[in-house]
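The residues making up each chain are set out below.
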Amino acid sequence: MADVSTTVMNLPRRDARDKLRGRTKYTNDRARPDTLYAVLLRSTVPSGRIVRLDVSAALKCPGVLAIATAADAPGNYGIGIADHPLFAVDAIRYNGEPIAAIAAESEAEARAALAAIILEIEPLEPVLTMADALAPDARLVHEDWRNYEVLTEGGARSGNIAWEAKSVRGDVDAAFARSDVTIIESSFEVGRQSHVPFEPRVAIGRWEDGRAHIETSTQVPWTVRNVTGRVMQLPPGRVRVTVPPVGGAFGLKFDASIEPITALLARMTGRSVMLENTRQEEMATCLCRENAEITIRSAVTADGEIVGREAVVLMDCGAYGGEQVFLTTMTSHTLGGTYRLGAARLVSRAVYTNTPPNGAFRACNGVYNSFALERHTDEICATIGMDPIEFRKHNVLGDGDLGPTGQVFEGDVLRPMLERMDALRVKTGTVEHKADGRLYGRATALGTWFIFVGPSAATINMNADGSATLVTSGVEIGSGTMMQSLPQIVAGQLGLTPDQVVVKEADTDAAGLDVGVGGGRTTVSIGAASVGASAEVKEKLLRAAGEMLQTAPKDLVLRDGRVEIAGRPGSGVSIPSVVAHAQTTTGPITGTGSFTAKNTPAMSGCAMGHFIDALDIPVFVVHEAEVAVDPDTGHVEVLAYRVVQDVGRALNPRAIMGQIQGGVVQGFGYALHEEVTITNDGRIAQDGFETYRVPLAQDVIPIVADLYEGAPSMGPLGTKGAGEVPILAVGSAIACAVARAIGKPVSRLPLTPPRVLRLLNDVEPGVAHTHIAKSWAANTLDMKTTPLA
């Protein structure tokens, strides 16, 4: 393996110039002259039964070539459970649900034909909130939930509970019964957050040689391939997915709901078909970060030991289970993986409602669970009279400590990071003077997330000019991993420069299986697979060069585009010469590599319904916010923001700092501005930039960050993904700082000016989850207890 120093560099993005000049070709730039345009007929009610659907008149409209309905795509898909049809079959489950798709010569003709479809729906009373969904007499969003195919065994399901995951470790009842503890209980709730990438979801489907070919803006080409196969009842091998550059994603494009529609219409028409969401469609039916409701109870001794904790987290998955089924797993790790707990029991439920489906969003449920945990931690400190930072230093997980599922954590990471934050604060100084008479608050918050590993594959082909082509299913979604870290890793292994490494766009026909870009996994998983492929290429290069130089391969090194004799710079032969020699003697030089999870063990019996029982690569953050609150308007201004981030090893500090800046600003939106509300007819009210408030230029401040290196990691060269976690603790740091500034408890996000004013004037309603039972056991499906109190 090459020296790590050959890989670490502040490499600029190679795609920046083309993107800035508008030369990058995104998916909708790749439509052919003969491409048809598709539009969707969507439901305008949140719940109902389809009484009549007649598309015959629409088929006769000018320009219309095909109309697809549920009859044309009978298969269901999903995560954990196959509960999601491509089009509504008999039941309408959310406002905006696709019912039919029209393909026409132009978008205008397709939209005109929508009016000719005869659709009669018998409306039903919708279930719009999780409280409604969990009521004893609640109407079922999925009446036939028992008949769905179970794709992953182990999760508890019942009625409007799509999935339940829980962890139990130790005797929690005994911990709460101790006479020397104080019991602190807190309740929180958060709203949804919309991804709003500049590029909406878009796909182009073609039917080529009896196979579907889909070009799409996605994070998960293999998921698109498999879902398309399921709903069209095709072998997955008859579906090819290629991915042009992606104009932002943040988790939104883990979805695979529009791509199969284009393939279906392409098969029906024999033409390529493009389907692109309008901005209104994108935001009205988007896979938001889910709204959630959280209750946490802790038993704490006078000296600050947490002897017991229990928590209930309700996650609104909307009309279909989707990513929330998988993300129920993360509650245990985010609520139980930061502080030492003597005993713990934690349950997370994905709940069906008649609202647009939710999905993955940067650091997923970790963002709001961190908010709840850190606010609860501050309430513990206030109750027992302990300094919040000292409490955190006393209780953070360290080497050999147990996580909530019995995982044994490695290394002391969080406490040194807290000490680094102390040093960073001293170095930068605090800025209370900038409050200028407003209410001032400062708070430090922690967070634990993970690097999702999963399977990845990579192939490297050496070219005649000595450059290397890297073939993977990795996707460039704007994070830079495909443009920066992977070329750096391959170049560092093969003695090349990053500009000599060509990264091929994702193509499921050309590259091996990959579970997708997200969860901070690209640099780790695809990087590790690329290291494996590089090792095979290196071995072949050295063997071929050894024949040319009559030197043992062990005495040769790769450096600066040459194969040199060790200790003799400038000796040897160029890599192009070695490649040419190999091509005429043994064949082209290629290498393959693969990587997957190491399956870190959990304690037997501690985790139930989890997709990940233990974290292969935990990653930690420490954030600190200074805020000023205007007592007359409720406006919160972030005055200063500091970050200490666990990066394992920083291969490209410049790129990581960019991710931190962007992630923190996105977190400002979640903490302060971005509010999604559901109307009485089940619509997302904020369906455009006019009504949805994202951070603007005046909201942005420079983020001061310290990259903490050296924490254990199985990633290549010790790396950890750095793109997902910067948002993790923003909501919690700002909420804790605001609470200190105004002297009032903060239990809801976002902290919009009206909400802060209500808090200041003591008229903000308290958070009371009457549908969450007082008894933890009554909130789990395998207990026979039915009362809510």
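Before reading on, note that the structure itself is shown above.
Residues numbered from 1 in each chain as written. Predicted model: local features only at pLDDT ≥ 70, side-chain atom pairs only at ≥ 80, totals over all residues. Heavy atoms only, no water.

A. Molecular detail of the overall build of the protein. Tallying secondary structure elements over the protein gives 19 helices and 33 strands in all. Its C-alpha radius of gyration of 27 Å places the protein within 12% of the 28 Å reference for a compact globule of 789 residues. Counting over 789 residues, the protein shows a buried share of 61%. In the protein, 80% of the contacts between residues at least 6 apart in sequence involve partners at least 24 apart. If you sum the accessible surface of the protein, you get close to 27900 Å²; carbon and sulfur atoms cover 52% of it. One finds the centroid of the 73 positive side-chain charges in the protein at a distance of 3 Å from the centroid of its 90 negative side-chain charges. (Helix = DSSP H or I, 4+ residues; strand = E, 2+ residues; numbered from the N terminus. Rg over C-alpha atoms; globule rule 2.2 N^0.38 Å. Buried < 20%, exposed > 50% of the residue type's maximum accessible area, 1.4 Å probe, protein only. Contact = heavy atoms within 4.5 Å. Areas by Shrake-Rupley, 256 points an atom, 1.4 Å probe, with all protein chains shown as cover. Lys, Arg positive; Asp, Glu negative; His and termini not counted. Charge placed at Lys NZ, Arg CZ, Asp CG, Glu CD.)

B. Quick look at the nonpolar core. Membership of the largest hydrophobic core comes to 133 residues, with the highest contact counts inside it found for Y641 and I734. One finds A38, L40, A263 and I477 within the second-largest nonpolar core, a separate group that totals 38 residues. (Core = buried A, V, L, I, M, F, W, Y, C linked by side-chain atoms within 4.5 Å.)

C. Quick look at the packing of aromatic side chains. A complete count under the given rule lists nine aromatic pairs for this structure. For the pair Y94 and Y320, a centre-to-centre distance of 6.4 Å together with 85° between the ring planes defines the contact as edge-to-face. Of this pair, Y94 sits in the loop between β7 (91–92) and β8 (98–104) while Y320 sits in the loop between β19 (306–318) and α9 (322–327), placing them 226 residues apart in sequence. Taking the relative accessible area as the measure of exposure, Y94 reaches 5% and is therefore buried. Counting every residue linked through ring pairs, the aromatic cluster contains W163, F326, W449, F450, F452 and F611. (Phe/Tyr/Trp six-rings, centres within 6.5 Å; stacked < 30°, edge-to-face > 60°.)

D. Structural detail: the sheet that holds strand β2 (residues 48–54). Strands sit in the order β7-β2-β9 across an open sheet of three strands; the sheet is antiparallel. If you trace the sheet from one side to the other, it starts and ends with β7 and β9 (118–123), each paired once. Relative to β9, β2 is paired through six bridges, and the arrangement is antiparallel. Each residue of the ladder has a partner; that of R49, found in β9, is E122. (Pairing = 2+ DSSP bridges.)

E. The arrangement of helix α16 (residues 575–585) in detail. Along α16, the residues that are buried comprise I575, V578, V579 and A582. Along the axis of α16, the buried residues cluster in a sector spanning 100°; they form a single face. The positive-phi residue at the C-terminal boundary of α16 is G587, with phi of around 115°. (Arc of directions from axis to C-beta.)

F. Main features of the pairing of strand β17 (residues 273–276). Summarising the sheet, strand β1 (residues 36–42) and β17 pair through three bridges and their orientation is parallel. In the sheet register, A38 faces β17, and the bridge partner there is L275. With four bridges joining them, strand β14 (residues 202–208) and β17 adopt antiparallel strand pairing. Within β17, the position partnered with G205 by the bridge is V273.

G. Structural detail: helix α18 (residues 730–742). Between its terminal C-alpha atoms α18 stretches 18 Å, which fits the 18 Å expected from 13 residues at 1.5 Å a residue. Along α18, the residues that are buried comprise V730, G731, S732, A733, I734, A735, C736, A737, V738, A739, A741 and I742. Positive phi shows up at G743, right after α18, with a value of about 70°. (Expected span 1.5 Å × (residues − 1).)

H. Representation of the sheet that holds strand β26 (residues 562–565). Across the sheet, which stays open at both edges, the three strands sit in the order β25-β26-β27 with antiparallel pairing between neighbours. Here the strands that pair on one side only, and so sit at the sheet edges, are β25 (556–559) and β27 (573–574). Strand contacts of helix α15 (residues 522–549): β25, β26 and β27, with the helix running at about 120° to β25, the strand carrying the most contacts. (Axes fitted to C-alpha atoms, helices over the stretch in contact; angles between N-to-C directions.)

I. Structural context of the pairing of β26. As paired strands, β25 and β26 are joined by four bridges and run antiparallel to one another. Directly across from V557, in β26, lies its bridge partner E564.

J. The arrangement of unusual backbone geometry in detail. Cis rather than trans, the peptide bond between L749 and P750 has omega equal to 5°. One can find P750 in the loop between β33 (748–749) and α19 (753–760). For A363, which is not a glycine, the phi torsion comes out positive at approximately 65°. Along the chain, A363 falls in the loop between β20 (344–352) and α11 (366–384).

K. Local environment of the packing of helix α14 (residues 481–494) against α15. Taken N-terminus to C-terminus, the directions of α14 and α15 make an angle of 30°; their axes are 9 Å apart at the nearest point. Classified by the interaxial angle, the pair formed by α14 and α15 is roughly parallel. As α14 runs across α15, the sense of the crossing is right-handed. For the pair α14 and α15, the contacting residues are T481, M482, S485, L486, I489, V490, Q493 and L494 in the first and T522, T523, I526, G527, S530, V531, S534, V537 and K538 in the second. For the contact of α14 with α15, a count of residues per class yields eight nonpolar, eight polar and one charged. (Parallel < 35°, antiparallel > 145°, perpendicular 65-115°, else oblique. Left-handed = near helix turned anticlockwise from the far one by under 90°. Nonpolar A, V, L, I, M, F, W, Y, C, P; charged D, E, K, R; others polar.)

L. Quick look at the pattern of salt bridges. Counting across every chain of the model gives 59 salt bridges. In this structure, the salt-bridge partner of R521 is D514, at a minimum N-O distance of 3.0 Å. On the basis of relative accessibility, which here comes to 1%, the residue R521 falls in the buried class. For D514, a relative accessible area of 2% puts it in the buried group. Here the residues in one salt-bridge network are K393, D422, R425, R442, E624, E626 and R642, joined through shared partners. (Salt bridge = Lys/Arg side-chain N within 4 Å of Asp/Glu carboxyl O.)

M. Quick look at the side chain of E374. When you line up the elements, E374 lands in helix α11. The exposure class of E374 is buried, given its relative accessible area of 0%. Setting aside anything within four residues of it in sequence, one finds E374 in contact with Y339, R392, T444, A445, L446, S732 and C736.

N. Quick peek at the packing of α11 against α18. Between α11 and α18, whose axes approach to 8 Å, the crossing angle comes to 35°. Handedness of the α11/α18 crossing: right-handed. Across the interface between the two elements, S370, F371, E374, R375 and D378 of α11 pack against G731, S732, A735, C736, A739 and R740 of α18. Residue composition of the contact of α11 with α18, by class: four nonpolar, three polar and four charged.

O. A look at the side chain of T27. Mapped onto the elements, T27 comes out in the loop between α1 (16–20) and β1. Residue T27 is classed as buried on the basis of its relative accessible area of 0%. A polar contact of 3.4 Å, which involves the side chain of T27, links it to the backbone nitrogen of S217. Excluding its chain neighbours within four sequence positions, the residues that come into contact with T27 are E199, V202, A203, I204, E215, T216, S217 and P244. (Polar contact = N/O pair within 3.5 Å; in protein donor to acceptor, adjacent residues only side chain to side chain.)

P. Quick peek at the environment of V621. Note on placement: V621 falls in strand β30 (residues 618–629). Once the C-alpha coordinates of V621 and M417 are considered, the two residues, 204 residues apart in sequence, prove to be 7.9 Å apart. Leaving out residues up to four positions away in the same chain, V621 has contacts with L414, M417, A445, L446, G447, V644, Q645, V725, L728 and A729.

Q. Here's a closer look at the state of the cysteines. A full pass over the atoms with the stated rule returns zero disulfides. Unpaired in this structure, C288 has its nearest cysteine sulfur neighbour in C286, at a distance of 3.2 Å. In this structure C317 is not part of a disulfide, and its nearest cysteine sulfur, from C288, lies 13 Å away. (Disulfide = S-S within 2.5 Å.)

R. Up close: the environment of T295. Following the sequence through the fold, T295 ends up in strand β18 (residues 292–301). For the pair T295 and P123, spaced 172 residues apart in sequence, the C-alpha separation works out to 34 Å. Contacts of T295, omitting those with residues within four sequence positions, involve E185, S186, S187, E310, A311, V312, H769 and I772. Polar side-chain contacts of T295 include one of 3.3 Å to the side chain of S187.

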